[in-house]
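# Descriptive structure summary
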Amino acid sequence: MAKFIFVTGGVVSALGKGIAAAATGALLESIGLKVTLQKLDPYINVDPGTLSPFQHGEVYVTDDGAETDLDLGHYERFTHAKSTRDNNYTTGKIYYNVITKERRGDYLGDTVQVVPHITDEIKQAIKSVAPGNDVVLVEIGGTVGDIEGLPFLEAIRQMRYDVGRENVFYMHLTLVPYIPTAGELKSKPTQHSVMKLREIGIQPDVLLCRTDRPLPEGVKKKIAIYANLDPEAVISALDVQHIYEVPLSLEKEGLLSFISKRLGLDSRQPDLETWKDVVNKLREPKNEVVIAVAGKYIGLKDSYKSLIEALTHGGIANDASVRIEWVDSEEIEAHGPEKYLSEVDGILVPGGFGYRGIEGKIEAIRYAREKKIPFFGICLGMQCAVIEFARNICGLKANSTEFDMKTPDPVIYLMEKWYDFRKGKIEERDVNSDLGGTMRLGAYPCVLEENSKAMEAYGRKELSERHRHRYEFNNVYRNTLTCRGMKITGISPDKELVEIVELEDHPWFLGCQFHPEFKSRPTDPHPLFKAFIKASLKEKRSLFPGLNAERAGAETKRKISPIES
């Protein structure tokens with residue numbers, strides 16, 4: 001039978017439960033166990049697909065086309081677990097399932113209630129991901145005491161009776177703040193958080209105390225007494241320089257040993273050499289590269305969480321630190337690209353939706369093309385690259401129908417029919433479809449052209465990448481653009497869906513319709529990010545020899561907390 005570890009949080013949100021769960025998964029994998037991770041979110045939206053990036057951060061997409069919480073990205077980056085739609089449930093999804101069953105008559109006339117019907121549905125969702133795994137880590141979104149999270153907490157309380165107390169472990173993440181005016185670490189917020197959890201009926205097995213400094217033994221003992229725990233069950237979850245240090249930090253604090261003892265797991269020595277190698281490369285890079293990200297959601301960096309991490313992974317692969325210069329594409333519209341992009345080594349234009357900031361993205365791409373700066377366009381970034389080339393090289397009055405329904409030259413448009421290789425059927429959509437229904441979501445196959453930057457990066461001809469977009473390259477304009485120097489180097493097996501475009505006579509200019517950042521890991525950087533950072537380093541060296549050492553020496557190391565993850 002699988003073991004279940006439930007991760008809850010208290011005091012404040014954004015403490016880093018996702019990182020804590022993912023890092024714990026990495027530790028369990030290091031002793032040879034197979035793990036999976038699941039996120040239970042209290043909000044009523046069925047999924048985060050229609051939420052603003054400013055409210056919820058990025059939407060992470062799985063191979064099977066589920067739009068999920070960004071924490072699933074952490075799970076996949078820290079472990080070898082492959083997430084599906086079953087790895088993310090919301091209150092809305094749980095209630096939708098229960099109401100559907102009630103309308104169908106599944107409850108045989110019962111009065112449908114939170115207990116047992118809602119909690120049973122939650123427990124069924126948790127158990128559904130257990131087969132084939134040794135340990136299931138389940139993160140409960142929000143904080144203890146939130147009214148919307150109570151059904152999830154009641155469900156995980158019941159799990160110890162369903163599967164046996166010896167198979168359940170409760171991990172509670174809480175805050176121990178340092179108050180400068182008092183010169184003290186304060187344990188009272190943690191005491192109250194644990195008190196609230198115990199009122200619900202859950203006694204935590206271990207506390208991960210988020211803190212910017214080690215907890216003195218006296219503070220640990222004080223917390224342990226109030227939490228009804230042994231002092232060894234109070235663990236410092238310290239701020240670290242890089243989030244990929246968290247598994248090593250938690251192992252040093254004894255978390256893996258404690259979990260193994262309580263759950264009766266294999267007590268073998270963990271193999272963490274890969275993580276040590278990653279951390280060493282992050283701490284002591286030989287080079288530095290500056291990448292401009294010209295986007296429209298830069299007010300909340302979590303909107304680009306996977307992108308940030310994938311750039312970091314590309315740096316790891318090239319033994320380089322990656323410094324991101326965030327550029328608001330609306331500022332480029334107002335002031336031009338020279339002011340923001342003249343001193344960067346590479347330019348990346350990410351995905352997004354809507355017209356705001358689009359002309360700024362197009363200007364950034366034009367600047368990259370004309371100045372021969374390595375360029376990487378992702379999803380909407382690729383579409384903007386097509387529009388820019390069509391306008392300024394082919395002389396078309398080009399646009400996307402997303403931004404101008406009456407554009408004379410719709411080089412990007414809403415494709416109403418396409419073959420879904422995963423489902424094995426024709427998909428149809430139009431402008432009247434539900435927002436979710438107009439999306440091409442999940443993994444799709446792509447075939448690469450020989451003698452291309454894409455082929456050079458991947459080293460293989462066939463691949464599968466994840467998508468999240470509505471609009472496509474318009475094949476009516478394929479000949480017009482390719483005759484003027486745009487190369488189509490990645491395409492669907494039926495040759496209908498353009499997946500990758502490149503430019504001739506440019507050091508490195510590539511746009512892809514998919515989101516490669518979703519498949520990048522620190523231990524296995526994505527080929528395109530690896531190649532983009534390599535190209536940016538090469539161009540910088542040729543233009544400014546010796547600048548790397550100067551930049552690397554001047555760069556001061558900033559402490560990054562798991563909170564920022």
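All figures in this text were calculated on a predicted structure; none of them were measured in a lab.

## Examining the overall build of the protein chain
Scanning the protein chain from N- to C-terminus turns up 20 helices and 25 strands. Compactness check: the protein chain gives a C-alpha radius of gyration of 25 Å against a globular reference of 24 Å for 565 residues, within 12% of the reference. Per-residue burial for the protein chain yields a buried fraction of 59% across its 565 residues. Of the contacts made within the protein chain by residues no fewer than 6 positions apart, 72% connect residues no fewer than 24 positions apart.

## Focus on the packing of helix 1 (residues 17-29) against helix 3 (residues 71-78)
Closest axis-to-axis distance for the helix 1/helix 3 pair is 8 Å, and the angle between their directions is 20 degrees. It follows from the interaxial angle that helix 1 and helix 3 lie roughly parallel. Crossing of helix 1 over helix 3 shows right-handed handedness. Two secondary-structure elements touch here, helix 1 through Gly 18, Ile 19, Ala 21, Ala 22, Ala 23, Ala 26 and Glu 29 and helix 3 through Asp 71, His 74, Tyr 75 and Phe 78. Within the contact of helix 1 with helix 3, the residues separate by chemical class into 7 nonpolar, 2 polar and 2 charged.

## Quick notes on the pairing of strand 19 (residues 425-428)
Alignment of strand 18 (residues 417-420) against strand 19, held across 4 bridges, turns out to be antiparallel. Bridge pairing in strand 19 links Tyr 419 to Ile 426. With antiparallel pairing between neighbouring strands as the criterion, strand 18 and strand 19 make up a hairpin whose turn holds 4 residues, including Gly 424 at a positive phi of roughly 70 degrees.

## Considerations on the pairing of strand 20 (residues 440-448)
Burial of strand 20 is extensive: 7 of the 9 residues sit out of reach of the surface. Both strand 20 and strand 21 (residues 462-469) contribute to a ladder of 8 bridges, which runs antiparallel. Residue pairing across strands places Gly 442 opposite His 467, the latter belonging to strand 21. As paired elements, strand 20 and strand 23 (residues 486-491) share 2 bridges and run antiparallel to each other.

Thresholds, definitions, all that
- Residues numbered from 1 in each chain as written.
- Predicted model: local features only at pLDDT ≥ 70, side-chain atom pairs only at ≥ 80, totals over all residues.
- Heavy atoms only, no water.
- Helix = DSSP H or I, 4+ residues; strand = E, 2+ residues; numbered from the N terminus.
- Rg over C-alpha atoms; globule rule 2.2 N^0.38 Å.
- Buried < 20%, exposed > 50% of the residue type's maximum accessible area, 1.4 Å probe, protein only.
- Contact = heavy atoms within 4.5 Å.
- Axes fitted to C-alpha atoms, helices over the stretch in contact; angles between N-to-C directions.
- Parallel < 35°, antiparallel > 145°, perpendicular 65-115°, else oblique.
- Left-handed = near helix turned anticlockwise from the far one by under 90°.
- Nonpolar A, V, L, I, M, F, W, Y, C, P; charged D, E, K, R; others polar.
- Pairing = 2+ DSSP bridges.

The values reported here are purely geometric and, on their own, carry no functional implication.
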